[in-house]
Each structure stands twice: as C-alpha cells, then as structure tokens.
There are 2 protein chains.
Amino acid sequence: MSRISNGMLERFPVYLNYLKSLPEDAPKNISATAIARALCMGEVNVRKDLAAISGSGKPKIGYIVSDLIDEIETNLGYKENRGTVIVGAGRLGRALLDYVGFKEYGINILAAFDNNPDACGETSSGKKIFPLSHLEEFCEEHKVQIGVITVPAVNAQNVCDYMVECGISAIWNFAPTHLNVRRNIIVQNQNIAASIAALSTHLKWK
Amino acid sequence: MSRISNGMLERFPVYLNYLKSLPEDAPKNISATAIARALCMGEVNVRKDLAAISGSGKPKIGYIVSDLIDEIETNLGYKENRGTVIVGAGRLGRALLDYVGFKEYGINILAAFDNNPDACGETSSGKKIFPLSHLEEFCEEHKVQIGVITVPAVNAQNVCDYMVECGISAIWNFAPTHLNVRRNIIVQNQNIAASIAALSTHLKWK
C-alpha cells in the first residue's frame, strides 16, 4: 500500500462525511471528479488520495460508494476495536463511559477507574468502575491501548505515568494541563475551556 | 484602539499562556524580544501585536507582566461576565454546569434547562436545572448571551432555534450535528467523537 501522508489523513474524514451524507437513493457509483466538485477541492488531489487507499476505482464508472466508505474507514483505523479505559469517574468520566458513539471510530470503552471507593461500582448502562489499583491487571488482561484522563489537572501527570506503566500507548487528555510523555506515546489534548474561551473572544469582536 | 486581526486573536492566548506560566519570582518586566524568543516567534510581529492592545510598553524596560496579562485578557473578552445557559441536563450538561473553570474566560454558567421533569432540580453544587419552558423568561431576565447545547443530535436544531428566539447570540454545540443559523449568530462546534477518531487514526499510522 502507498504511504499515507498526514494531509491525506486530514482529508479522508472529509471524504467520508460527504460519502456518508449521500442520500440512500443516490447512484451506487461516484467519480473522484464529482467528489472534488462537491467539496470544492482539487480534482487531481482527490484522485490521488483515493487511489492511495483504493484499487477499486474504474475509468468512466468511478468508485462504488459503499466500498469506498469501507476502504476509508479501514485506513482511518475505524475498523479496529481498541480497548480503552477511563481514569477519573466524575461526571465527565461517567458521561464518556456511557457514550455509545465511540464504537464507530474503532474505540471500545471497557471500564473506568477511580481512586475514590465511593465512585466505584456500575453506571446505569452496566459499565463498571473499578478501584484505580486494579488498572495494571485489567490493562494486561484486556490488552488496553488507549487511556482517557478525566481527573483534575493536578493529578493528571501521575495518572498519565501510571497508564504508560500499564502499557497504554495513546492518551486522550481532558485535564487542562500539559502531559510529559516518552516519544512513542501519543497524547491528544481536549481542552474544553479553550473552546469556550474562543467563543468569548468571537463575541467580543464580532 | 487599533483593529485586532484574527491572527492576533489566535496569538494572544499563546502570549497569555506564556506570561501566566512565568515563575512568581521572575522579573516584573518583560520585553517583546524575550517573549518572541521564548515562543520562537518573529520579534517584529510580537512587538506589533502587543502594541495593538497595550500602550504600556517602554523602550529598554518592556512591559509590566501583570499589566500585559490584564490587557490581553480584556482584549480576549475574558473580563466579561457573559450569562450562559445549558440546554440538556444529562451527564455532560450537568458536568459543564458544575465546572468552575469557565469563569476565568468570562463565561458565567447560570443554569441548565431540560424538557424531562425528572432531570430538573439542583446539582450537588447548588446550580439549578429548570424546565425548558422557562428558558425564554430566564434569558430575558438574566440577559443571557451564550447557550450550550448538550442534547442528542436529533433535537439540537430545535433547541438552537429556540435559543435564538430567546435572544441568545452565541451557541456552543456539543451535539454531533451541523446547526443552521442566521448570519449574526455564532456557533462553536465541539465534536468530541472527531477527536477520538483522530486518536484512532494516529494509532493506526504511528
């Protein structure tokens, strides 16, 4: 398979959204030209991007929409089933634990962990919350790859270090703080406050 | 006051973060040159940006750090106290309702609203959740400017329209759907699923 560039990884979700938004009674085939036109993107680039991940495009016919969706999802990693845990079972942690929308992106939220015994137990949808001390054993047993941090900022680095010790290689950080990690660990920061700050600024200057 | 460009509005939070991260025993003054160097930014641009919002910079002395922080915060709108309501008092809505970190960005979360009577009442921190039918009266009385949408995607557009009717001019949308609004209404989308999708893709290609 050809090398996938970072630019492509940013454009694939755009193609995917568009393809999934097509009405059910739309034609089964679509050309790179039609996609490029609909998204106001360069035709040559779209053609190149799609050719990098799909061998199924045919001259004059184009791509079969459902196959192309499938191929893009595979290449974006949405077909994986990555074991994920949450540390911090406050409101946000519990909201994420019960959120069912992650599955379609290849993320399988298995359980949450908290060092407060009162927070442990089960959510209304039956997802389990364990004591934090069980994390290592759980990660080993379930081959957990992703950790979600929903603890206060002051505890986040410790939780992060502990996750890495437990073999977790990708971290989704909701705590409003910078995390220091080894080079091969992925951190995705979700700074909710920064978004509302941007809204505040827009309001000031609109 | 000079015109503030969009580029500036993006750079000011970066300056602000840096200035706030300085240790307490650091010198009280700082030059544009020092800021530019610390942030690997062009000195001329930093100088221009700061001059646009502050008249307090002096040759050889630079800016007084605390004054500069104050001026940047004022210009970013963080000194406002904008009345904000949340519609949708599920886990996420309640988590946001109790979150104390919004104040420092000029956002004052007043109450939440829900059309489910069981969701109405009070959170543990004493914030109120009212029936959705009270929204209009509440918005009028409290001059609410910002609405946060934490309802399911299928209800989001209706809630958005109702918020606009109630006089709300800026919307922070957590529902994974596109909202149609009049031109003078600001919408800031917060697509949580897209972030975890990006993490999935990083893991696939790292």
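To be clear, the structure that these remarks concern was listed above.
This text gives an overview of the structure that appears in the document. (Residues numbered from 1 in each chain as written. Chains lettered and ligands numbered in written order. Predicted model: local features only at pLDDT ≥ 70, side-chain atom pairs only at ≥ 80, totals over all residues. Heavy atoms only, no water.)

1. Considering the overall build of chain A
For clarity, the cut-off: Secondary structure elements follow DSSP: runs of H or I no shorter than four residues count as helices, runs of E no shorter than two count as strands, and numbering proceeds from the N terminus. Only protein chains enter the area calculation, which uses a 1.4 Å probe; residues under 20% of their type maximum are buried, those over 50% are exposed, and those in between are partly exposed. Should any heavy atoms of two residues lie within 4.5 Å, those residues are counted as being in contact.
When you go through chain A residue by residue, the secondary structure sums to eight helices and nine strands. Evaluated residue by residue, chain A yields a buried proportion of 47% over its 206 residues. Sequence separation of 24 or more characterises 55% of the internal contacts of chain A that already satisfy a separation of 6 or more.

2. Quick look at the packing of aromatic side chains
All names here are of chain A. The cut-off we apply is this: Centre distance within 6.5 Å is the pairing criterion for rings of Phe, Tyr and Trp, where only the six-membered ring of Trp is used; planes under 30 degrees apart are then read as stacked, over 60 as edge-to-face, and the remainder as tilted.
Counted under the stated rule, the structure contains 14 aromatic pairs over all chains. The interplanar angle of 65° and the centroid separation of 6.1 Å between the aromatic rings of Phe12 and Tyr15 together place this pair among those described as edge-to-face. In this pair, Phe12 and Tyr15 are both assigned in helix H1 (residues 6-21), three residues apart and thus about one turn of the helix distant. In terms of burial, Phe12 and Tyr15 fall into one category: buried. What links up through ring pairs into an aromatic cluster is the set Phe102, Trp172 and Phe174.

3. Some details on unusual backbone geometry
Residue and element names in this part refer to chain B. The residue Cys40 is not glycine, and still its phi comes out positive at about 55°. Assignment of secondary structure puts Cys40 in the loop between helix H2 (32-39) and helix H3 (43-53). Note on Cys40: relative accessible area 73%, which makes it exposed. A positive phi angle, near 50°, is found at Lys143, a position not held by glycine.

4. Digging into the interface of chain B and chain A
Accessible area lost upon the coming together of the parts serves often as the stated size of an interface. Which entries qualify depends on this criterion: Accessible area that two parts lose when put together, evaluated with a 1.4 Å probe and summed over both, is termed the buried area. Any Lys or Arg side-chain nitrogen found within 4 Å of a carboxyl oxygen on Asp or Glu counts as a salt bridge. Counted as a polar contact is a pair of N or O atoms within 3.5 Å, where, for protein atoms, one must be capable of donating a hydrogen and the other of accepting one, and residues adjacent in sequence contribute only when both atoms are in side chains.
With 48 residues of chain B at the contact, the number on the chain A side is 47 residues. Across the chain B/chain A interface, buried area totals approximately 4,300 Å², and carbon plus sulfur atoms make up 66% of it. When residues of chain B are sorted by the area they lose upon contact with chain A, B:Arg91, B:Ile196 and B:Trp205 head the list and together hold 17% of the total. For the pair chain B and chain A, the interface holds four salt bridges. Along the contact surface separating chain B from chain A lie 10 residue pairs in polar contact (both at pLDDT 80 or more).

5. Looking at the side chain of B:Thr201
Turning to its location among the elements, B:Thr201 is positioned in helix H8 (residues 192-205). With residues up to four places along the chain from it excluded, the contact list for B:Thr201 reads A:Leu9, A:Leu76 and A:Tyr78.

6. Details of the pairing of strand E9 (residues 186-189) of chain B
Residues and elements named next belong to chain B. Let me state the cut-off plainly: If DSSP finds at least two bridges between two strands, the strands pair.
Where burial is concerned, the two faces of E9 differ: the one with Ile186 and Gln188 is buried and the one with Val187 and Asn189 is not. Direction of pairing for strand E8 (residues 170-173) relative to E9: parallel, over a ladder of four bridges. The residue bridging Trp172 from the neighbouring strand is Gln188, located in E9.

7. Brief notes about the packing of H1(A) against helix H4 (residues 65-76) of chain A
Residues and elements named next belong to chain A. What counts, and what does not: Working convention: axes come from line fits to C-alpha atoms, limited for helices to the stretch in contact. Angles between N-to-C directions cover 0 to 180 degrees. For any pair of crossing helices, the crossing counts as left-handed if the nearer helix is rotated counterclockwise from the farther one by less than a right angle, and right-handed if it is rotated clockwise. Residues were grouped as follows: Ala, Val, Leu, Ile, Met, Phe, Trp, Tyr, Cys and Pro as nonpolar; Asp, Glu, Lys and Arg as charged; and all remaining residues, including Gly, as polar.
Relative to each other, H1 and H4 sit at 145°, their axes nearing to 10 Å. Handedness of the crossing formed by H1 with H4: left-handed. When H1 is examined against H4, the residues Leu9, Phe12, Pro13, Tyr15, Leu16, Leu19 and Lys20 are found in contact with a partner set consisting of Val65, Leu68, Ile69, Ile72, Glu73 and Leu76. Here the contact of H1 with H4 is built from residues that sort into 11 nonpolar, no polar and two charged.

8. Focus: a negative patch on the surface
All names here are of chain A. We apply this condition: By definition, no residue in a patch forms a salt bridge, and every one has over 30% relative accessible area; like charges are joined within 9 Å, nonpolar side chains (Val, Leu, Ile, Met, Phe, Trp, Tyr) within 5 Å. For the accessible areas, the method is Shrake-Rupley and the probe is 1.4 Å, while residue cover comes only from the protein chains on display. The sign given to each residue is positive for Lys and Arg and negative for Asp and Glu; His and the chain ends receive no count. Where a charge sits is defined by one atom per residue type, namely NZ (Lys), CZ (Arg), CG (Asp) or CD (Glu).
A cluster of acidic residues, Glu136, Glu137, Glu140, Glu141, Asp161 and Glu165, forms a negative patch on the protein surface. Taken together, the elements giving at least two residues each to the negative patch come down to helix H6 (135-142) and helix H7 (153-165). Sorting elements by how many residues they give to the negative patch places H6 first, with four residues.

9. Topic: the environment of A:Gly57
Residue and element names in this part refer to chain A. If you trace the backbone, Gly57 turns up in the loop between helix H3 (43-53) and strand E2 (63-64). For the pair Gly57 and Asn29, spaced 28 residues apart in the sequence, the C-alpha separation amounts to 9.4 Å. Apart from residues no more than four positions distant in its own chain, Gly57 is found in contact with Gly62 and Tyr63.

10. Examining the sheet that holds strand E3 (residues 82-87) of chain A
Residues and elements named next belong to chain A. With respect to topology, seven strands assemble into an open sheet ordered E5-E6-E4-E3-E7-E8-E9, the strand pairing being mixed. Each of the sheet's edge strands pairs with one partner strand only, and the pair in question is strand E5 (121-122) and strand E9 (186-189). Strands E3, strand E4 (107-114) and strand E6 (128-131) of the sheet are contacted by H6, whose axis makes an angle of about 165° with E4. Sheet contacts for H7: E3, strand E7 (146-149) and strand E8 (170-173); angle to E7, the most-contacted strand, approximately 170°.

11. Thoughts on the relation of the copies chain B and chain A
Our working rule: The fit set for superposing copies consists of C-alpha atoms from residues with pLDDT of at least 70 in both; the fit itself is least squares.
Superposing chain B onto chain A takes a rotation of 180° combined with a translation of 0.0 Å along the rotation axis, leaving an RMSD of 0.1 Å. In symmetry terms, the pair is related by a two-fold rotation axis. Both copies present the same face, since 98% of the interface residues in chain B are matched by interface residues at the equivalent positions in chain A.

12. Remarks on H3(B)
Residues and elements named next belong to chain B. Note the cut-off: In this description, one arc is meant: the one made by directions from the helix axis to the C-beta atoms.
For H3, the complete set of buried residues consists of Val46, Asp49, Leu50, Ala52 and Ile53. With its buried residues spanning 155° around the axis, H3 presents them on a single face. Those residues of H3 that are exposed and aimed more than 90 degrees away from the buried face are Val44 and Lys48. Buried positions along H3 lie against helix H1 (6-21), H2, strand E2 (63-64) and helix H4 (65-76).

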